[in-house]
Amino acid sequence: MTILGLLLTAFIAGTFALIGAVLGSRTDRKARHRAWLVEKRAEAFAEFLSRLDKYVKEAIDLDKWGNSEKRRRKLIDIYFPVHDQSTIVRLFLGEELRGGFSKVVKELYDIHSQGILKGREKYSTIAKRRRQIQRMFEDQLKSPEWLR
């Protein structure tokens, strides 16, 4: 084999090795970013559910205060962490779910602030809304369209 043939073989082998390294690095970086994004979504969703559960428990405890101004102010205070986290969660939801999610979160606040529902109906509605939110999160984590 001539020197030109050896150089050409080395050049082709080097080129393919370089292309393989670049593609491998890009694929690895993309896979790590996807894993990080799934982890961050799961963390945001878990934090929201934790804050929501705390809010519901505290809001139910406030029912004994009647319909006082003090109760309304306290209800707003305990709702703010849920509202703040919901704005973060919205960033991780698909566009088609954002409006529905915000509506359900607002309904959970309204259930307590307006005092229309009482007793079992109230608790049943709260549980139903929480399950609805949980399903939204599970669907987003199970088959995320954003990974494709």
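For the structure, see preceding data.
Residues numbered from 1 in each chain as written. Predicted model: local features only at pLDDT ≥ 70, side-chain atom pairs only at ≥ 80, totals over all residues. Heavy atoms only, no water.

A. Looking closely at helix α2 (residues 69–92). Taking 1.5 Å per residue as the helical rise, α2 with its 24 residues ought to reach 34 Å, and the 35 Å between its terminal C-alpha atoms agrees with that figure. Where α2 bends most, the angle comes to about 35 degrees, and this point is Tyr79, followed within four residues by the proline Pro81. For α2, every residue scored as buried is listed here: Arg71, Leu75, Ile78, Tyr79, Val82, Gln85, Ser86, Val89 and Phe92. (Helix = DSSP H or I, 4+ residues; strand = E, 2+ residues; numbered from the N terminus. Expected span 1.5 Å × (residues − 1). Bend = angle between axes of the 7 residues up to and from the residue. Buried < 20%, exposed > 50% of the residue type's maximum accessible area, 1.4 Å probe, protein only.)

B. Highlighting the pattern of salt bridges. The tally for this structure, following the rule as stated, stands at nine salt bridges. Measuring nitrogen to oxygen at the nearest pair gives 3.5 Å for the salt bridge that ties Asp61 to Lys57. Taken together, the residues Asp61 and Lys57, both in helix α1 (residues 3–62) and four residues apart, mark about one turn of the helix. Take Asp61: its relative accessible area is 36%, and that puts it in the partly exposed class. Glu107 is paired through a salt bridge with Arg129; the nearest N and O atoms lie 2.5 Å apart. (Salt bridge = Lys/Arg side-chain N within 4 Å of Asp/Glu carboxyl O.)

C. Quick look at the nonpolar core. In this structure, Phe48, Leu52, Tyr55, Val89, Phe101, Ile133 and Phe137 are the most contacted members of the largest nonpolar core, which totals 27 residues. Going through the elements one at a time, α1, α2, α3 (95–114) and α4 (119–142) are the ones with two or more residues in this core. The element that contributes the greatest number of residues to this core is α1, accounting for 10 residues. Sequence-distant contacts of Val89, defined by excluding residues within four places in its chain, comprise Ala44, Phe45, Phe48, Phe101 and Phe137. (Core = buried A, V, L, I, M, F, W, Y, C linked by side-chain atoms within 4.5 Å. Contact = heavy atoms within 4.5 Å.)

D. Layout of the side chain of Ser86. Inspection of the secondary structure assignment puts Ser86 in helix α2. A polar side-chain atom of Ser86 sits 2.7 Å from the main-chain carbonyl oxygen of His83. If near-sequence neighbours (up to four positions away) are discounted, Ser86 is found in contact with Phe48, Phe101 and Val105. (Polar contact = N/O pair within 3.5 Å; in protein donor to acceptor, adjacent residues only side chain to side chain.)

E. Region of interest: a positive patch on the surface. A contiguous patch of positive charge, built from Arg26, Arg29, Lys30 and Arg34, is present on the exposed surface. Here Arg34 falls in the partly exposed class, since its relative accessible area comes to 32%. (Patch = residues over 30% accessible without salt bridge, like charges linked within 9 Å, V, L, I, M, F, W, Y side chains within 5 Å. Areas by Shrake-Rupley, 256 points an atom, 1.4 Å probe, with all protein chains shown as cover. Lys, Arg positive; Asp, Glu negative; His and termini not counted. Charge placed at Lys NZ, Arg CZ, Asp CG, Glu CD.)

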